[in-house]
Structure formats: structure tokens, C-alpha cells
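Spelled out from the first residue to the last, the chains are:
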Amino acid sequence: MADLYQAVTTNVIAIFLIAISAVIAVWTGYFARFLHSKPSLSHDKRIYFPYIIYTSFISLWILSNAYFQSSLLIERSDIVAVNIALAANIFSGLAFIFAYLFSCRITSKKDNFSLTFTQKFLLYTSIIITLVTNIIPRINITSIDIKAIGVFYINFGELSFIFFGMLIIILLSTIINLLILHKNNTCINRVKAKYMITGIIAFISSTFLIHFIAAVIFHDFTAAWLPPALSVIEVFLIGYALFNSRFYSLKYITFITSSTFINIIFYTVPVILLELYHIKETPFFLVLWTLITGFFWHRTLRLVRIFANKIIYHKKGNPVENITKIISEFKISTDLGISKLNTVIHSNNGLIVQVSNKNQLLRDYFKTGRNILLKQDLDALLNDNALADNHLHLVSEQLHKIGVTLVVPILDESKKITHFYIASKEMSNVLFSCEEIMGLQRLFARANRFINTEEKVRKSQVLAGSIAHEIRNPLSKIKYHFEKIDSDFLSAHKESINSLATLEIEKIHQELSEGKKALQLGTKFIDVILDELRGSSISTSFFQHYSAVSLTSQALNDFSLYSEEHKKRIHLETTNNFYFYGSDTLFSFVLFNLLKNAAYYFDTFPESHISIQFEKGLKHNKIHVRDTGPGITEEQLENLFDEFYSLGKVSGNGLGLAYCKKVMESFSGSISCHSILGEFTEFTLTFPASNIQSNGELTNPRIKQHLSGQSCLILSASSLSKKLTESFNGLNMDIECSNDPYLSFTRLKDRPFNFIVIDHRLYITHYDQISMLREGKYGYLAQITPIFIFNSTSINLNNDRISVPKYTQGYIDTLNGALAFECSLEVIINDAKFAPLGSLNDKTVLVVDDMHANRLLVKAYLSKEGINVIQAASGYEAIEQVKKNNIDLIFMDIHMPGMNGIETAKQLKELDSTKPIIAVSGEYGEKTVSKIHEIMDDYIVKPIEKSTLVSLTSKWLIINKVTN
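Scoring rules and cut-offs
- Residues numbered from 1 in each chain as written.
- Predicted model: local features only at pLDDT ≥ 70, side-chain atom pairs only at ≥ 80, totals over all residues.
- Heavy atoms only, no water.
- Helix = DSSP H or I, 4+ residues; strand = E, 2+ residues; numbered from the N terminus.
- Buried < 20%, exposed > 50% of the residue type's maximum accessible area, 1.4 Å probe, protein only.
- Contact = heavy atoms within 4.5 Å.
- Pairing = 2+ DSSP bridges.
- Axes fitted to C-alpha atoms, helices over the stretch in contact; angles between N-to-C directions.
- Salt bridge = Lys/Arg side-chain N within 4 Å of Asp/Glu carboxyl O.
- Arc of directions from axis to C-beta.
- Phe/Tyr/Trp six-rings, centres within 6.5 Å; stacked < 30°, edge-to-face > 60°.
- Core = buried A, V, L, I, M, F, W, Y, C linked by side-chain atoms within 4.5 Å.
- Parallel < 35°, antiparallel > 145°, perpendicular 65-115°, else oblique.
- Left-handed = near helix turned anticlockwise from the far one by under 90°.
- pLDDT = per-residue confidence, 0-100.
- Patch = residues over 30% accessible without salt bridge, like charges linked within 9 Å, V, L, I, M, F, W, Y side chains within 5 Å.
- Areas by Shrake-Rupley, 256 points an atom, 1.4 Å probe, with all protein chains shown as cover.
- Polar contact = N/O pair within 3.5 Å; in protein donor to acceptor, adjacent residues only side chain to side chain.

Another point: the overall build of the protein chain. Scanning the protein chain from N- to C-terminus turns up 38 helices and 23 strands. When burial is assessed residue by residue, the protein chain has 47% of its 964 residues classed as buried. Residue pairs at least 24 apart in sequence account for 69% of intrachain contacts in the protein chain once pairs closer than 6 positions are excluded.

A few words on the sheet that holds strand β12 (residues 670–676). The strand order across the open sheet built from 5 strands is β8-β10-β11-β13-β12, with neighbouring strands paired in mixed fashion. Edge positions in the sheet fall to β8 (570–572) and β12, since each of these pairs with one other strand and no more. Averaged over neighbouring strand pairs, the angle between their axes works out to 15 degrees when direction is ignored. As paired strands, β8 and strand β10 (residues 610–615) are joined by 3 bridges and run parallel to one another. Directly across from His571, in β10, lies its bridge partner Ser611. Lying over the sheet, helix α21 (residues 548–558) contacts β8, β10 and β11 (620–627), oriented at roughly 165 degrees with respect to β10.

The next point concerns the pattern of salt bridges. Counted by the stated rule, this structure contains 11 salt bridges. Salt-bridge contacts for Lys915 lead to Asp912; the nearest nitrogen and oxygen are separated by 3.5 Å. Each of Asp734, Glu736, Arg747 and Arg751 takes part in salt bridges that share partners, so that together they form one network.

Once that is clear, we can look at helix α36 (residues 901–911). Regarding α36, the residues found buried are Gly901, Ile902, Thr904, Ala905, Leu908 and Lys909. Down the axis of α36, the sector holding all buried residues measures 155 degrees, keeping them to one side.

An α-helical segment advances 3.6 residues per turn. Residues three or four places apart therefore align on the same side. The complete set of buried residues in helix α35 (residues 875–884) reads Gly875, Ala878, Ile879, Gln881 and Val882. Buried positions in α35, seen along its axis, are confined to an arc of 160 degrees and lie on one side of it. Of the exposed residues in α35, those oriented more than 90 degrees away from the buried face are Tyr876, Lys883 and Lys884. In this fold, the buried residues of α35 make contact with β19 (844–848), β20 (868–872), β21 (889–893) and α36.

Summed over all chains, the structure comprises 41 aromatic pairs. Pairing Phe255 with Tyr313 gives two aromatic rings, centres 5.9 Å apart and planes at 75 degrees, and the pair type is edge-to-face. Note that Phe255 is positioned in helix α10 (residues 250–276) and Tyr313 in helix α11 (residues 282–313), a separation of 58 residues in sequence. Here the two residues Phe255 and Tyr313 agree in accessibility, since each one is buried. Here Phe543 and Tyr581 contribute two aromatic rings whose centre-to-centre distance is 5.9 Å and whose plane-to-plane angle is 75 degrees, an arrangement assigned as edge-to-face.

It is worth spelling out the nonpolar core at this point. Here is a general trend for soluble globular proteins: nonpolar side chains tend to be buried in one another's company. Residues Phe31, Tyr51, Tyr54, Ile58 and Ile238 are the most contacted members of the largest nonpolar core, which totals 52 residues. Considering each element in turn, this core owes the most residues, 12 residues, to helix α5 (residues 78–107).

Okay, unusual backbone geometry next. For residues that are not glycine, phi is negative in most cases, and the peptide bond is trans in most cases. Phi at Arg138 takes a positive value of approximately 65 degrees, unusual for a residue other than glycine. Looking at the element boundaries, Arg138 is found in the loop between α6 (117–135) and β1 (141–148). You can call Arg138 exposed: its relative accessible area is 58%. A positive phi angle, near 65 degrees, is found at Lys415, a position not held by glycine. With respect to the helices and strands, the residue Lys415 is situated in the loop between β5 (406–411) and β6 (417–423). For Lys415, a relative accessible area of 65% corresponds to the exposed category.

Let us now look at the sheet that holds strand β3 (residues 351–354). The strand order β3-β6-β5-β4 describes an open sheet built from 4 strands, whose pairing is antiparallel. Each end of this open sheet is capped by a strand with a single partner; those strands are β3 and β4 (373–374). Sheet topology places β3 next to β6; 4 bridges connect them, and they run antiparallel. Within β6, the position partnered with Val353 by the bridge is Phe420. Relative to β6, helix α14 (residues 334–345) is tilted by about 35 degrees, and along the sheet it contacts β3 and β6.

This part is about the packing of helix α2 (residues 12–36) against helix α3 (residues 49–67). In helix packing, the relevant descriptors are the interaxial angle and the interaxial distance, both defined with respect to the helix axes. Their axes nearest at 8 Å, the elements α2 and α3 cross at an angle of 165 degrees. Here α3 runs roughly antiparallel to α2, going by the angle between their axes. Here the hand of the crossing between α2 and α3 comes out left-handed. Contacts from Ala14, Leu17, Ile18, Ile20, Ser21, Ile24, Ala25, Trp27, Thr28, Phe31, Ala32 and Leu35 in α2 reach Tyr51, Ile52, Thr55, Ser56, Ile58, Ser59, Ile62, Leu63, Asn65 and Ala66 in α3.

Once that is clear, we can look at the confidence of the model for the protein chain. Taken as a whole, the protein chain shows an average pLDDT of 78; of its residues, 78% reach a score of 70 or greater. Ignoring residues within four places in sequence, the model shows residues 1–9, a span with pLDDT below 50, making 2 contacts including any to other chains. This stretch, residues 650–654, has a pLDDT under 50; its non-local contacts, to residues over four places away or in other chains, come to 8 contacts.

Sheet analysis places β10 next to β11, joined by 6 bridges and oriented antiparallel. Bridge pairing links Ser611 to Arg626 in β11. The antiparallel hairpin formed by β10 and β11 contains 4 residues in its connecting segment. Relative to strand β13 (residues 680–688), β11 is paired through 8 bridges, and the arrangement is antiparallel. The residue bridging Ile623 from the neighbouring strand is Leu685, located in β13.

Along the chain, Asn639 turns up in the loop between α24 (634–638) and α25 (656–666). For Asn639, a relative accessible area of 30% gives the class partly exposed. The spacing of Asn639 and Ala658 is 19 residues in sequence and 9.8 Å in space, taken between C-alpha atoms.

Let us now look at the packing of α3 against α5. In contact at an axis separation of 8 Å, α3 and α5 are set at 160 degrees when each is read in the N-to-C sense. Taken as axis vectors, α3 and α5 run roughly antiparallel relative to one another. Crossing handedness for the pair α3 and α5: left-handed.

Here the focus is a nonpolar patch on the surface. Taken together, the side chains of Phe261, Ile265, Val269 and Leu273 make up a nonpolar region of the molecular surface, amounting to roughly 340 Å² of accessible area. Residue position: Phe261 is located in helix α10.

Our focus in this paragraph is the environment of Thr130. Examined against the element boundaries, Thr130 turns out to sit in helix α6. Measuring from C-alpha to C-alpha, the distance between Thr130 and Asn140 comes to 9.8 Å, with 10 residues separating the pair along the chain. Not counting residues within four places of it along the chain, the set of residues in contact with Thr130 comprises Asn89, Ile90, Gly93, Leu94, Ile97, Phe163 and Met166. A distance of 2.8 Å separates the side chain of Thr130 from the backbone oxygen of Ser126, its partner in a polar contact.

So, about the side chain of Ser173. With respect to the element layout, Ser173 can be found in helix α7 (residues 160–182). Classification of Ser173 as buried rests on a relative accessible area of 15%. From its side chain, Ser173 meets the backbone oxygen of Ile169 in a polar contact 2.8 Å long. Among all residues touching Ser173, those that are not within four sequence positions of it are Tyr100 and Leu122.

See below:
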């Protein structure tokens, strides 16, 4: 046993070289068998024969070098050593010559890969030189001086330079051929050439340093075994390039091999040290160390790779880790994950596509068990296989057509392909590396559940959105019938409702009004649902300035409680009113959620009540909604605004307060909660204070544009008239003030005004004169003059619904600062209330919608304004109506069978580009709105509300004409 151990340790380099020689021999046999098992290769197999011969001679060369590192060197005579050295020269020379022949064949452009005259001359000359210089005695090597195993000196003959010079020429010619291959127009050939060149240069450099510099110049042959040992790198790099059409980058190969080698050294050094110092406990230690190595190998390798990663890749990190880390982005959103992935792998068009009939070819390709598709792989297969399936050619053509070079299948839990990730490199001459492919496969093996789950959620959202959208049509029909009942049977739009005066009719009218409000509220919340289902941030395009007190009062009137007793337990303080910039619908949603949460405990806490207060500040304005219910614990307060967090209410889903927070943030504000368990819960809505000039000069250019040059009659006490006149400062208006409505009205025949502004108190005291004015007693011009009311005291007009709305067209806020004043004027302008009464009479509007109920509802609303309404059930019919009639305005449904609204509008604009077209759609997402704005002038959302419809009609038939 000791002799065997000594023999092994003495001949360790020889055994190492024999092992390398055997590995290369096995590789050569495997490669030859591979060629024999591929009868369908389109290439002439002769192209690969030189490589097989080359690797065979390399194996023999390494084996012959093993002789000089074994005990045979000192046991046999010097003549045997010389003959072995000459044989080694022949093996190495022929190996290099056949490597050159292989490089010539793979770069040959001739039929049957034939060589040029120069190549043949160099090839045959090199063979002759190799054989002659090493067969004829004393030409190349004269003798060898042997001192010990692996320690020797070779004495070269006078003509040895011919042999070594020939080798240098052959090696340089081989590199030139590979550089030519590198310039080939295909990416794969360039990469293949890069690997081959790397292998050859590694071999040449080691041979030059050790066999020429060290051996010839410094007469040191102790390291002569290294070049043969390192030749295995060249053999395998060339073989790797030949066998594959996808490759690991040299940097990644360096990263893996260096980190693994360092880890091996870490565990082998202690064993070597034990042997060097002859420690007696070696067997016990080896067993223990083997167990330690098995347990800690992966842990230390992970640490080594962290440091190797930083050294080789610096801050960038290796591609496999960088790609697999993107799983965190996929947990948030597929789009975010794909965007990050495209950046990491330098793809310019990577995206996820769902499996469908359009990509049936790809789906069939992966049915055979393939786990990835690379165009370069496929092209290489088709190039080497003349009998390839026609399906593969079709797949290659499809990839070329759509400009894709990589396809990764994405599977669901049942291993069924649901999606594809398709991509291509930003630079067309760059291939996907094996480490990138490995990272992609690892990534999508984990990300597939997030992608498929998001797809299911998206489908559910589409379905829910479709249902919510379709609900609008029956709601429109209900609204139409409500309007029909109100108009034809109750005559609620006329003054005769008071004369009917029966309790039954009043009760019916009240119930009908409540039904209308419920419908209006329902449609608003459908809009909120659709916005949330789209998953986009809340759009601010619909935001306006609103009075906090007015919107809160309106929300309380619209909020449905179980009983009147419950409604009495809600207290609203209307002082400290302020204006905020936001959405009335979204604000109502927030307030409804707070009221609903508080009123939930009304029955279980009979003494509880809700108070709503307003707070006005320099930087922030606030609404406090406090209830004296059960209160909330501190632990619950921490998660109160998280999605899907509920306090245990049976019907709660935890989405309400989370969405309230989202709404308040869209208002540039916030929502917070303070509570004491068993005492109260108070929600605070915080809004930014609007900064507006308070010097009496209006800042809104639209108001200036609209009111400039207008004449106005102000009816109020002189002090109030002066204040109101100052508010209109800078508008270039003709203003006349009076405190006697009767006298002013009698003069209207001779001195008409564009509009009248009257103090609320004067309106009440002179109600009869105003009634006579509207009946035409003061002339036609006075009868159609708009009247606006303003407050001189803190009377809440929202609660005085009997007389204020009767003969006036709007309210001007003069009590709550400059912003409130401007906002009230802006509302009047938006609703076209500054226009003379009856301005819409005799206008003709075309309503285009495939739903009969929708057309009837629009007609019912507009007909009450004196508008002539023409209907069309399709785009084709709309075009005919425009050709036959003088149309002033068109309301166009977007989704119609046959010709849709967008296409119809395009053709109508070609007939008359000045005719305004307003889109009517149940959707108002960014894409839809963008398409509408490209061709149409405005849009309105279904189901239509009368105030919005009339306001929009007035805008395009009155306001725009006035502005122009």
C-alpha cells in the first residue's frame, strides 16, 4: 500500500497528464460517434474529420509528455527519451497541421470545402517538414540530459528552427482563418470563432512562454508538461463552439470556473499541509474534513461567488442573478417586471403575449417538450438538417416576420402553456447568452404564477367592467321612464304641481325624486368602479373647484339611511365653508363611506350620533366627521387604510377606506383617523388651502373673456352694490346699481341688460315683481334676461328650496372669499346660464345611438329646452340625416354595430368640419378619450344627466359662439 502511495505521489503529474489524455480520447470518440449518428447532416462530414484527427494527435501528444513526468524517464535509456520526444513533436506538429486544415475547411467558400493552392502548399509542406525533421536522426533533437523525474534538458539540432518556425506559421495561419470566420455575417459564426480563437491563443501563449522562453532561452524544461495539459482548454473550447449554437459568455465561464477553483483550493490546502508536515492523524482528519467539505461546500461557494461577482462584474452583477432578482417586480406588476427585464437583457421589444390561434405555430413547437426557442438554434438546425420538418421552417419564417429571436413558454400550475415571452436584442448582431437563458428560465418558472394570476384578475376586471358598463343601458331606460312619468303625468317641470296639491301626488312626486337621485348616485358610483377596475391612477381631468359645505349638504340629502330617526342623528355645521379642487363624485364616495361606517353602529349604540364640522386655515382646510360609536383600538388604527382590511363588519370588504385614502391623495390632501375606544371616532379630511388673490381683481381669464363688455344690473343695498361692483373689478363691464327692483324693471324696456344680480332678501320681498317679469309684464327682453341671486347674510341657500330656484338661473357666492366668487361665476358660465332664456329654442340636434331608450332620454331632456331633436339609429343613418337637415350639433354614440361612432364622426367631419360632434360613451378611459379627441370636439358619459347634457349643449351652441 505504501509503495502504491509512493508511486502515485511520485508520478502525480504523469497520472494527471494520462487522465487528460484519456478525457480527450473519450471526447474524440464521442464526437466521432455523434457524426456517425447524424446521417441527415447537410454539411459534408469531411469538414469535421480534421478536427477528429487533431484531437487524436493532441491526446497522443499529452500521453507522450506524461513519459517525461514518470519514473520511466529515469528507468529507461536516454535513447528512449529522445524517441519519445521526437514522437511528441510529430504528434504536436500533425495536431497543429490538422487544426489548420479544419480552419481552412470551415472558412472555405468553395464546393466540397476544397482548399486554395496556397493552403494546400502550406499543408503538404508542413507535413513533410514535421515528418522529415523528426524521423531523420539528429536533425531536430540530438540528445536529452536526464537528472530526475520531470527534470531534464533537451539538446536541439541545428535544423530544429525549421520545425518550430513551421509550427509558428501554421498557428498564425489558423488564427487568420478564425478571424476571417469571425467576420462572417452570421452571429453564431462570430461567436464560434471567438471561442476557437480564445482556446488557441491560450494554448499558444502557454507554449511560447514555457517551451520557448523557459526551455530554449533559460534551459528549463521542468514546466514542459503544462502546455500539453492546457491544450485540453483549446480542445474543449473548439468542441464547445462546434457542438453548440448558444453559448455562455467568457466572462461568465471565468466567473464559474474561478469561484469553483478557489473553493476547491480552500478545501484541499489543509490536506496538502497535513501531508507536507507528516501529521500522524491524517486518516481521521481526512474523514472529518470530508464530512465538513460536504456540509459547507455550497455555503462557502456562495460566499466565494459573491466576491468573484464583485471582482468580475463589478456593480452590475452576473446576468443569472440579475434576471432572477426581477421576480420582486413581477410580484407587483407584470408590466413592471417586463420593463425591468427588457432593460437587464438589453431587449428593445420584449413582451408577454397570450397563447392564441395567432401563435399556433409556436404552441405546436413546444408540444414536443422543448423549453425555449432561439432563432439562432433553429436556423442552425435547419442549416445542418436537409430533411428538417417543414413546420420548423414555418416557425423560423414567423420569427423572422415578427422580428423575434427568443421565445420562452410560460406555464400554469397544470404545465399548460398560457403565455409566451418574446424578445430580441437591441443590437441584431448580439446573441442571447446561455446565462441569460438560464436566468430567464429560472425567472419565469417562479413568475408564471404571478403572470397567470394577474391575467385572471384582468379577465375578472374586464368582465366586471363589462357588467358595470352594460348596467348603464337599463339605468338609462329607467331614467327615461322616470322623466316620462314626471313630464306627462305629474307635470313636475311646470308650476301646476302646486295646484294639484293632493297628498298622494306629492308623495308620488317625492318618491319619484328619490328614485331619480338614487339612479344618479348609482351611475356615479359605476364610474368610480370602472375607474378602479382599469387600475389606473385617478384622473384629474374632471376636477373642478367645489364648495365643501354645498357638496356635503348634497351628499347628506342623497345618502340613504334606514329611517328618518337615523337621519336626525347626523348634525351638519355649515360655518367655515371653503372651496377645494377635486371631483364631486369622488368626494361623495368618501363621505358616503365615512357615514356608512359610522351609521353601521346606530342600532347597537342608540345614543350615538354623527357630527360634521368644517375648519378653515391658512395652509390647510379640514372636514371633521366624528361619531360617538364604539371607537377603534390602536392596533386597528395602524391598518385602517390598508386594502382588504375590515373591522369585522359582515358586509365589509376592506376596500372603502383604502380607496378613500387614494381619493384624498388625488385631491392633494390626506385622510386620518383619531379614536378613543368606547368614546368616539373622528376622521379628518385635509385639503390644501387654495391660494388666490384677494385684492378684488378676478384672476380667471375665462371669466374675463366671457363677461368683458357685458351689462349688469345689481339690485341690493348701496353698500352691498359697491362691494359686488368691486368684485367685478377689471372685467370691463357696464354695471348699474339700484335698490328698487320695481323701478328698475319698469325701465328695462328702454335700458335692457345682459343679466341681473339681486340680493336674496330683495328677491324674497319683491317676489311678485320678479314673477311679473318672467310672465312678460315688463317686455320680452326683460322676460328672457337671466337673474342671479347672491347672499348678503349667512343664510344657507341649499336649505331654502322653495323660492330661490323659481325664477333665477344661478347663485353668485359673495360671502366666502374671492375663490368662492370666481367658482360660482365659472359654474354659471359652464352651464351657459348667462345666455338669454330660450337661447336654445329652434336649435336642431342630431342624436345618434343604436339604443332606442338612450335616444329617447336625450330627446326628453333637450325637447324641454325648445330644441328640435332628430334621431339616428346607426352611423349610416346619421350621415343621411346630416345631408338632409341643417344640424347644429351632433351627439354620437361610440359603440354601435356596423359603422362605429369614431368612423361615423370622421366621415361627418369630411362633410362639414365646423359642425360640433360630442361623443356619448359609457367608457372614458385614457385610450377612449384620446381617440375621441382626435376626431370629435367633446364627450359626455352615459347614462346622461340632464344638467350635464344641457350644459354641454349650451357650451357648443351658445358659449363658443359668444366667445368666438
